[in-house]
Amino acid sequence: MTTTLSSLSERSVAYERMADALSHLGETWRDWPDLSQCAHAMGLSPHHFQREFTRWAGVSPKQFQAALAHAEAGDLLRQGASVLDASFEAGLSGPSRLHDLFIAHEGLTPGEAKSGGDGASLVIGEAPTPFGTGIFLISSRGLCGLGFADDGVSAKTGFEHPGYAKGAVFADLASRYPNAEPRRDDAEARRWSQRIFQGTDPIPVALYGTPFRRQIWRALLDIPAGETRTYGEVAAAAGQPKAARAAGTAIGANNISWLIPCHRALASDGRLHNYHWGVARKRAMLTYERAHAA
């Protein structure tokens, strides 16, 4: 059976409620709550919850629970538990490959980067994504910025980062290249969103970074979908085991969220509090990945 995902606009609108649903399922799957219990927790009827969740995630809530159980069991299930493995084999009807990425070119030359992008031809725009409104920064060579916006964002309190409102995200991405004066083009952003979240071809990324930062970003790409690593582990994977703090800085400097998966990196305490685009979004991304990777 193949589940047809709804449009990116519909999935974007549903994101906030689905982020809550993913968090709830992630916390309760060991108790195997039934559809009615899950729907009640979300304030929806069972039919509405089943329909909306499946259209957003590409899998049903029950399949999602099974995938979380499969991922959590990990090596245990793979050690001869063939009957259990077979029971999960048909659990996911969504795509197993979330995205395929290659770094095609550096988005700016070192000279352009040093001058703040002076003379670079960049486009910026907004488009719906499965994780809410995406803000895309695009060069002729490929994608060079992707962030996410939230409506009604409250101020940061404590360790947890709530994310940013739309205007702040536009300003944030544009400030990475302050002299480039990007041109607004939402239609181009929508084309890139469809290419990233609904397409099957590799995505060209145009991103300038120092050699060390590029090492760290490549190490992020090697983390399996749905799994996490501490900054120290990322640094070690990049061949710089004593550079955990510098690795954290490099991860924070990544311009292209989701595709270069900085959401898979954690501080040494293991908390999710340090994601630039909001803790709820980081949690949703990781939980979504775990289900589709199982």
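This one's a predicted model, so the numbers in the text were calculated from it and none came from an experiment.

### What about the packing of helix 1 (residues 8–28) against helix 3 (residues 46–57)?
Packing of helix 1 against helix 3 leaves a shortest axis separation of 9 Å and a crossing angle of 105 degrees. By the angle between their axes, helix 1 is roughly perpendicular relative to helix 3. Contact residues: Glu 10, Arg 11, Ala 14, Tyr 15, Arg 17, Met 18, Ala 21, Leu 22 and Leu 25 in helix 1; His 48, Phe 49, Glu 52, Phe 53, Arg 55 and Trp 56 in helix 3. Residues that form the contact of helix 1 with helix 3 fall into these classes: nine nonpolar, one polar and five charged.

### Concerning the nonpolar core
Looking at soluble globular proteins, one finds that nonpolar side chains tend to be buried together. Residues Phe 53, Trp 56, Phe 131, Phe 136, Leu 143, Leu 220 and Trp 258 are the most contacted members of the largest nonpolar core, which totals 73 residues. Per-element tally for this core: the top contributor is helix 1, with eight residues. Residues within four places of Phe 53 in sequence aside, it is in contact with Met 18, Ala 21, Leu 22, Leu 25, Gly 58, Val 59, Ser 60, Pro 61 and Phe 64.

### Side note on the environment of Ala 225
Looking at the secondary structure, you find Ala 225 in the loop between helix 10 (211–221) and strand 7 (229–230). Since its relative accessible area comes to 27%, Ala 225 is described here as partly exposed. Separated by 65 residues in the primary sequence, Ala 225 and Arg 290 place their C-alpha atoms 6.5 Å from one another.

### Some points on the pattern of salt bridges
Applying the stated criterion across every chain yields a total of 11 salt bridges. In this structure, the salt-bridge partner of Asp 172 is Arg 176, at a minimum N-O distance of 2.8 Å. Taken together, the shared-partner salt bridges connect Glu 126, Lys 166, Arg 184 and Asp 186 into one network.

Procedures and definitions
Residues numbered from 1 in each chain as written. Predicted model: local features only at pLDDT ≥ 70, side-chain atom pairs only at ≥ 80, totals over all residues. Heavy atoms only, no water. Axes fitted to C-alpha atoms, helices over the stretch in contact; angles between N-to-C directions. Helix = DSSP H or I, 4+ residues; strand = E, 2+ residues; numbered from the N terminus. Parallel < 35°, antiparallel > 145°, perpendicular 65-115°, else oblique. Contact = heavy atoms within 4.5 Å. Nonpolar A, V, L, I, M, F, W, Y, C, P; charged D, E, K, R; others polar. Core = buried A, V, L, I, M, F, W, Y, C linked by side-chain atoms within 4.5 Å. Buried < 20%, exposed > 50% of the residue type's maximum accessible area, 1.4 Å probe, protein only. Salt bridge = Lys/Arg side-chain N within 4 Å of Asp/Glu carboxyl O.

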